[in-house]
Amino acid sequence: MAKVSYNTLTPIKYHILVTDMHFDELKTKTGIIIRSDDGKTEGIKPRWCKVFAVGHSQKHVKVGDWLLIEHGRWTRAVTIEDSDGEINEIRRIDNTAIVLISDKK
């Protein structure tokens, strides 16, 4: 696990780094648990994620935005630990696969 400060991670050009992408089981408001089915026909769906860092040429999204990304249009995660001990999984997304942008989760 790499120990880095957030301000040292800067994507180049138009690239976008994201965090908080949810892959685990879901729990509905009524308490029903829906198992993770990623990789199966039922698991092919877009995912929400939070923008962690953007390249200097990226004009459409900003750090802190929530993005809905087409299924499978992201890289494997790299786990980092910042100087405060907070652990994050960071992924790079395909910026042409952004479906929606929101300022709230």
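Please refer to the structure higher up on the page.
Residues numbered from 1 in each chain as written. Predicted model: local features only at pLDDT ≥ 70, side-chain atom pairs only at ≥ 80, totals over all residues. Heavy atoms only, no water.

Brief notes about the side chain of glutamine 58
Here comes step 1: Considering the arrangement of structural elements, one finds glutamine 58 in the loop between β5 (47-54) and β6 (66-69).
Here comes step 2: Overall, glutamine 58 belongs to the buried group, its relative accessible area being 10%.
Here comes step 3: At 3.1 Å, the side chain of glutamine 58 forms a polar contact with the backbone nitrogen of histidine 60.
Here comes step 4: When near neighbours in sequence (up to four residues on either side) are disregarded, glutamine 58 contacts Lys13, Tyr14, Ile16 and Asn95. (Helix = DSSP H or I, 4+ residues; strand = E, 2+ residues; numbered from the N terminus. Buried < 20%, exposed > 50% of the residue type's maximum accessible area, 1.4 Å probe, protein only. Polar contact = N/O pair within 3.5 Å; in protein donor to acceptor, adjacent residues only side chain to side chain. Contact = heavy atoms within 4.5 Å.)

Some thoughts on unusual backbone geometry
As a rule of thumb, non-glycine residues mostly have phi less than zero, and peptide bonds are mostly trans rather than cis.
Here comes step 1: Positive phi values are uncommon outside glycine, yet lysine 13 reaches one of about 50 degrees.
Here comes step 2: Mapped onto the secondary structure, lysine 13 falls in the loop between β1 (2-3) and β2 (16-19).
Here comes step 3: Of note, the phi angle at aspartate 20 is positive, near 60 degrees, even though the residue is not glycine.
Here comes step 4: Tracing the chain through its elements places aspartate 20 in the loop between β2 and β3 (26-27).

Focus: the pattern of salt bridges
Here comes step 1: If you walk through the whole model with that rule in mind, you get four salt bridges.
Here comes step 2: Between arginine 91 and glutamate 89 there is a salt bridge; the shortest N-O distance is 3.7 Å.
Here comes step 3: Overall, arginine 91 belongs to the buried group, its relative accessible area being 10%.
Here comes step 4: Members of the salt-bridge network, linked through shared partners, are Glu70, Arg73 and Asp94. (Salt bridge = Lys/Arg side-chain N within 4 Å of Asp/Glu carboxyl O.)

A short note on the nonpolar core
Here comes step 1: By size, the foremost hydrophobic cluster in this structure holds eleven residues: Ile16, Val18, Met21, Cys49, Val51, Val61, Leu67, Ile69, Trp74, Ile93 and Ala97.
Here comes step 2: Breaking this core down by element, the ones donating at least two residues are β2, β5 and β6.
Here comes step 3: With five residues, the next largest nonpolar core counts Phe52, Ala53, Ile80 and Ile90 among its residues. (Core = buried A, V, L, I, M, F, W, Y, C linked by side-chain atoms within 4.5 Å.)

As for the pairing of β5
Remark: a regular strand shows side chains that alternate across the two faces of the sheet.
Here comes step 1: As paired strands, β2 and β5 are joined by four bridges and run antiparallel to one another. Bridge pairing in β5 places threonine 19 opposite lysine 50.
Here comes step 2: Two strands pair when backbone bridges link them, and β5 and β6 are joined in this way by four bridges, in the antiparallel orientation. Looking at β6, one finds that arginine 47 is bridged to isoleucine 69. (Pairing = 2+ DSSP bridges.)

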